[in-house]
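# Topology and contacts: notes
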Number of protein chains: 2
Amino acid sequence: MPLIVAVDRVVDPEVLRGLCEGVNGIDGVKVGLPAVLRGGLEWASRIAGACSGLRVLDYKLADVEHVMRLTVEPFLESYNVFIAHSFVGAHGALLGLKELLDDRGAKLALVASMSHEGSMEVYDKASPWVEEVIRRVDPWGLIAPATRPSLVRRLRGRFPGKAILSPGVGAQGARPGSALCAGADYEIVGRAIMDSRDPRASAESIVEAQEVALRACR
Amino acid sequence: MPLIVAVDRVVDPEVLRGLCEGVNGIDGVKVGLPAVLRGGLEWASRIAGACSGLRVLDYKLADVEHVMRLTVEPFLESYNVFIAHSFVGAHGALLGLKELLDDRGAKLALVASMSHEGSMEVYDKASPWVEEVIRRVDPWGLIAPATRPSLVRRLRGRFPGKAILSPGVGAQGARPGSALCAGADYEIVGRAIMDSRDPRASAESIVEAQEVALRACR
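Residues numbered from 1 in each chain as written. Chains lettered and ligands numbered in written order. Predicted model: local features only at pLDDT ≥ 70, side-chain atom pairs only at ≥ 80, totals over all residues. Heavy atoms only, no water.

For chain A, the count of helices and strands is nine helices and eight strands. Since a compact globule built from 218 residues should have a radius of gyration of about 17 Å, the 16 Å found for chain A is in line with a globular shape. Each principal axis of the C-alpha distribution contributes one length, and for chain A these read about 45 × 40 × 30 Å. The proportion of buried residues among the 218 residues of chain A is 61%. (Helix = DSSP H or I, 4+ residues; strand = E, 2+ residues; numbered from the N terminus. Rg over C-alpha atoms; globule rule 2.2 N^0.38 Å. Buried < 20%, exposed > 50% of the residue type's maximum accessible area, 1.4 Å probe, protein only.)

In C-alpha cells form, the structure reads like this:
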C-alpha cells in the first residue's frame with residue numbers, strides 16, 4: 001500500500017479517518033509543522049490516530065541532539081516516523097535522536113534531497129557527505145523528491161534496505177507512480193487529495209494511477 | 001547590548017520581563033520550537049512580548065518556501081527575527097521567506113554553521129556553497145557558534161555588514177565574550193541564566209564577564 005496522505009492544515013480527523021479506512025492503498029499520514037502549530041498537541045495526536053500504518057511527523061528537524069529530542073518527546077505516543085535532515089550530521093545530532101526513537105519503538109526518516117530548485121544549490125552538491133551521514137546513522141527510511149526520479153533511482157541503488165518516501169506527487173508536479181517506478185516505497189500526496197472537493201474519489205484515482213504506472217514499468 | 005536570553009522551556013513571561021527590564025545588557029530573547037510546541041501560540045506571543053529589542057523565533061526552518069511561509073505566519077506579530085538554515089538554498093526556499101519577512105518588517109537570520117561535532121560532517125565542508133546562498137539571500141543576520149571563534153572570525157571578515165548571533169555561551173562551553181571578541185554582535189545564553197537559582201544575578205555576571213573580555217580583546 002504505497003500512498004501516504006499529507007496533512008498540511010488543520011482538518012477534521014474524521015475526514016482523514018474516512019480516507020484511511022475507506023480507500024484501499026492508503027498506508028499512513030504525514031503531518032507538517034504549520035498544521036501542528038495551529039492545531040495544537042491534542043489535534044496532532046487525534047489526526048495521527050485517524051490512520052493506522054505510518055504516522056509521520058514532518059518537522060524536518062535540523063538541530064542539535066538535545067533540541068531534537070525535546071522536540072519529538074510530546075509526539076512519541078502518537079507518531080511512529082519522524083523526519084530529520086541528514087545535513088546536520090551524525091555526532092551530537094542524528095545519532096542521539098535515532099537512539100531515542102529506537103528506544104521508543106519509532107522510526108527515523110532522513111531527508112536525502114529536496115524537491116525545490118534550491119536543493120541543487122547546496123544539498124545535492126554535498127551528496128557524498130550526506131550519504132556518508134545516512135550510512136553512519138542507519139535510519140529506517142529516506143525522503144527523496146518524486147519530482148526527481150533519477151535521484152530516487154540513485155538512492156534506491158545505494159541504500160537497498162531503506163524505505164524511500166517521496167513527496168511531490170500531485171500539486172508539485174510528479175505523476176502518481178513515477179517515484180514508485182524509480183524505486184520509492186511510498187508516494188506522499190497532500191493538496192491533490194486534501195484540497196479536492198471529493199478527497200476520497202481523488203485518493204482512489206491516485207491509487208489507480210499508481211497501479212497503472214507500476215504495471216507499465218515493472 | 002550584546003546578550004540575548006534563550007528560552008527553551010515554558011517559563012513564566014514575568015520572570016523574563018524582570019530580566020529584560022532589570023538587567024542592563026540584555027537586548028532580546030530567543031524562543032525555541034520545543035517550548036512553543038508545549039506552551040502554545042498564546043504563550044509564544046506573551047513570552048516574546050516580555051522583552052523589547054530582538055525577539056527571535058528559533059525553529060531552524062529548513063523546508064521549501066511554501067511551508068516556511070506557513071510556519072512563520074502566526075508569529076509575525078510577536079517576533080521580529082526568524083532563524084532558517086542556509087543549506088536549503090535560495091530558490092524556491094529562502095528568497096521567498098525573505099520576501100515575506102521584508103514585507104512584514106521582520107528580519108531573517110541564516111544558520112551558517114552549528115555548534116556540535118556533526119556540523120563538520122556536512123555543513124562545514126559545504127561552506128563555499130553555504131556562503132554563496134548567504135550572499136544571494138542577503139539576510140539581516142547570521143548564526144554562528146560561539147564554541148568555534150575561528151569560524152565567527154571568518155564570517156565577520158566575509159560578511160562585514162551582517163549581524164552575527166552566537167549561541168553556545170555557558171552550558172555548551174564557550175566563555176562569555178569569546179564570540180564578541182571574534183566579531184559577533186550578540187551572544188545567546190540559555191541554561192546558564194534560565195536554569196540558575198538566581199537568573200538575574202547570573203545574567204548580570206555574564207554581562208560583566210562580556211565587558212571584561214571585550215576590554216581585554218579590543
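Let us look at the sheet that holds strand 2 (residues 26-32) of chain B. Either a parallel or an antiparallel arrangement is found when strands of a sheet pair, and the pairing is made through backbone hydrogen bonds. Residues and elements named next belong to chain B. On the basis of which strands lie adjacent, the closed barrel formed by eight strands has the order 1-2-3-4-5-6-7-8 and parallel pairing. Neighbouring strand axes in the sheet, compared pairwise and without regard to direction, differ in orientation by 25° on average. Note: strand 5 (residues 107-111) against strand 6 (residues 141-143), three bridges, orientation parallel. Note that in strand 6 the partner of L110 across the bridge is L142. (Pairing = 2+ DSSP bridges. Axes fitted to C-alpha atoms, helices over the stretch in contact; angles between N-to-C directions.)

A few words on the state of the cysteines. Residues and elements named next belong to chain B. Taken as a whole and judged by the stated rule, the model has four disulfides over all chains. The disulfide partner of C181 is C217, and the gap between their sulfur atoms is 2.1 Å. An S-S torsion of about -90° defines the bridge between C181 and C217 as left-handed. Of this pair, C181 sits in helix 7 (residues 178-182) while C217 sits in helix 9 (residues 199-217), and the two are 36 residues apart along the sequence. Given the relative accessible area of 29%, C181 is considered partly exposed. In this structure C217 comes out as partly exposed when scored by relative accessible area, which is 36%. Shown here for chain A is a disulfide pattern of 1-2, 3-4, where each number marks a bonded cysteine counted in sequence order. (Disulfide = S-S within 2.5 Å.)

To continue, consider the relation of the copies chain B and chain A. At an RMSD of 0.0 Å, chain B and chain A line up after a rotation of 180° and a shift of 0.0 Å along the axis. Taken together, the turn and the small shift mark the pair as related by a two-fold rotation axis. (Least-squares fit on C-alpha atoms with pLDDT ≥ 70 in both.)

Here is the key point about a regular strand: its side chains alternate between the two faces of the sheet. All names here are of chain A. Counting buried residues in strand 2 (residues 26-32) gives seven out of seven residues, a clear majority hidden from the surface. The handedness of the strand 1 (residues 3-7) to strand 2 crossover, carried by helix 1 (residues 13-22), is right-handed. Sheet topology places strand 2 next to strand 3 (residues 54-61); five bridges connect them, and they run parallel. Of the residues in strand 3, the one forming a bridge with G32 is D58. For the handedness criterion, the β-α-β arrangement of strand 2, helix 2 (residues 33-49) and strand 3 is classed as right-handed. (Right-handed = clockwise from strand over helix to strand, strands pointing away.)

On to the packing of helix 4 (residues 90-103) of chain A against helix 5 (residues 127-137) of chain A, then. All names here are of chain A. In the contact formed by helix 4 and helix 5, the axes pass within 10 Å of each other and the chain directions differ by 45°. The angle between helix 4 and helix 5 places the two elements in the oblique class. The chirality of how helix 4 crosses helix 5 is right-handed. For the pair helix 4 and helix 5, contact is made by A90, H91, L94, L95 and K98 and by V133, R136 and V137, respectively. A class-by-class count of the residues in the contact of helix 4 with helix 5 yields five nonpolar, one polar and two charged. (Parallel < 35°, antiparallel > 145°, perpendicular 65-115°, else oblique. Left-handed = near helix turned anticlockwise from the far one by under 90°. Contact = heavy atoms within 4.5 Å. Nonpolar A, V, L, I, M, F, W, Y, C, P; charged D, E, K, R; others polar.)

Let us look at the sheet that holds strand 7 (residues 163-167) of chain A. Residue and element names in this part refer to chain A. Sheet architecture is closed into a barrel: eight strands sit in the order 1-2-3-4-5-6-7-8, paired in parallel fashion. Direction aside, the axes of adjacent strands within the sheet are offset by 25° on average. The pairing of strand 6 (residues 141-143) with strand 7 spans three bridges and is parallel. If you follow L142 over to strand 7, its bridge partner there is I164. Lying on the sheet, helix 2 is in contact with strand 1, strand 2 and strand 3; it crosses strand 2 at an angle near 145°. Across the sheet, helix 9 (residues 199-217) touches strand 1, strand 2 and strand 8 (186-189), and the angle it forms with strand 1 is around 140°.

Backbone geometry places K60 of chain A, a non-glycine residue, at a positive phi of 45°. Here K60 of chain A lies in strand 3. Despite not being glycine, D138 of chain B has its phi angle at roughly 55°, a positive value. Counting through the fold element by element, D138 of chain B comes out in the loop between helix 5 (127-137) and strand 6.

Turning to helix 4 (residues 90-103) of chain B, a few remarks are in order. All of the buried residues along helix 4 of chain B are A90, A93, L94, G96, L97, K98, L100 and L101 of chain B. In the stretch just after helix 4 of chain B, G105 of chain B is the one whose phi turns positive, near 70°.

Listed per partner, the contact involves 43 residues of chain B and 43 residues of chain A. Here chain B packs against chain A, burying approximately 3500 Å² in sum over the two surfaces, 65% of which is carbon and sulfur. At the junction of chain B with chain A, the criterion picks out four salt bridges. Here K60 of chain A ties to D63 of chain B by a salt bridge, and the two come within 2.9 Å at their closest N and O atoms. Taken together, chain B and chain A are joined by 16 residue pairs in polar contact (both at pLDDT 80 or more). (Buried area = accessible area lost by both parts, 1.4 Å probe. Salt bridge = Lys/Arg side-chain N within 4 Å of Asp/Glu carboxyl O. Polar contact = N/O pair within 3.5 Å; in protein donor to acceptor, adjacent residues only side chain to side chain.)

Further remarks concern the nonpolar core. Counting 172 residues, the largest nonpolar core has L16 and F87 of chain A together with L16 of chain B as the members making the most contacts within it. Excluding residues within four positions of it along the chain, L16 of chain B makes contact with V5, V7, V29, I47, A50 and C51 of chain B. (Core = buried A, V, L, I, M, F, W, Y, C linked by side-chain atoms within 4.5 Å.)

In this section: the pattern of salt bridges. What the rule picks out here adds up to 36 salt bridges over all chains. Ionic pairing is found between D102 of chain B and K98 of chain B, a salt bridge with its closest N-O pair at 3.1 Å. Residue D102 of chain B and its partner K98 of chain B are located together in helix 4, separated by four residues, close to a single helical turn. Overall, the relative accessible area of 44% leaves D102 of chain B in the partly exposed class. Under the relative-accessibility criterion, K98 of chain B is labelled buried at 17%. Ionic pairing is found between R136 of chain B and E132 of chain B, a salt bridge with its closest N-O pair at 3.1 Å. Residue R136 of chain B and its partner E132 of chain B are located together in helix 5, separated by four residues, close to a single helical turn. Among the residues examined, E132 of chain B registers a relative accessible area of 34% and is labelled partly exposed. Through salt bridges that share partners, K30, D58 and K60 of chain A together with D63 of chain B make up one connected network.

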